[in-house]
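# Chain and residue survey
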Amino acid sequence: MKPTQWAYCLLANVYSLWFMHLPTMIECYSCPREILNYAYKILVQMNRQRLTNPDEICFRVIIQLCGLYDYPILAVKTYSFMKKTGVEWNAVTYGAYNKV
């Protein structure tokens, strides 16, 4: 494996961990919508950096938090971006999206 491939692999895992901690991060701030918009920008940045497709978990966390904080517009935007990048979702993510 090339050194650059290792770097991309590590970066993708760091992003996934960041998204897994997003619910706790939102609790520390007074405006959850700003944090959710920032998280969406991170997804776009991941795509620009030509990482392998962002993990489904990254999208699912945003979609679930959009439901929790009543922000359906961003959930739809995230869903559209997920389709655009070709990430397939499972029943859990689909259920979270429908719930929003």
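As the structure is a prediction and not an experimental result, all values here were calculated from the model. (Residues numbered from 1 in each chain as written. Predicted model: local features only at pLDDT ≥ 70, side-chain atom pairs only at ≥ 80, totals over all residues. Heavy atoms only, no water.)

### So, the nonpolar core
- By size, the foremost hydrophobic cluster in this structure holds 24 residues, and its most contacted members are Phe19, Leu22, Leu43 and Ile62.
- Mapped by element, the contributors of at least two residues to this core are helix 1 (3-20), helix 2 (22-27), helix 3 (32-48), helix 4 (56-68) and helix 5 (72-85).
- Tallying contributions element by element places helix 3 first for this core, with eight residues.
- Every residue in contact with isoleucine 62, bar those within four places of it in the chain, is listed here: Phe19, Leu22, Leu36, Ala39, Tyr40, Leu43, Leu74 and Thr78. (Core = buried A, V, L, I, M, F, W, Y, C linked by side-chain atoms within 4.5 Å. Buried < 20%, exposed > 50% of the residue type's maximum accessible area, 1.4 Å probe, protein only. Helix = DSSP H or I, 4+ residues; strand = E, 2+ residues; numbered from the N terminus. Contact = heavy atoms within 4.5 Å.)

### Some thoughts on the packing of helix 4 against helix 6 (residues 91-99)
- The geometry of helix 4 relative to helix 6 is characterised by a closest axis approach of 9 Å and an angle of 25 degrees between their N-to-C directions. By the angle between their axes, helix 4 is roughly parallel relative to helix 6. In the crossing of helix 4 with helix 6, the sense of the turn from one axis to the other is left-handed. For the pair formed by helix 4 and helix 6, the contact residues are Glu56, Arg60, Ile63 and Gln64 on the first element and Val92, Thr93, Ala96 and Tyr97 on the second. (Axes fitted to C-alpha atoms, helices over the stretch in contact; angles between N-to-C directions. Parallel < 35°, antiparallel > 145°, perpendicular 65-115°, else oblique. Left-handed = near helix turned anticlockwise from the far one by under 90°.)

Without other data, these values stay purely geometric and don't point to any function.
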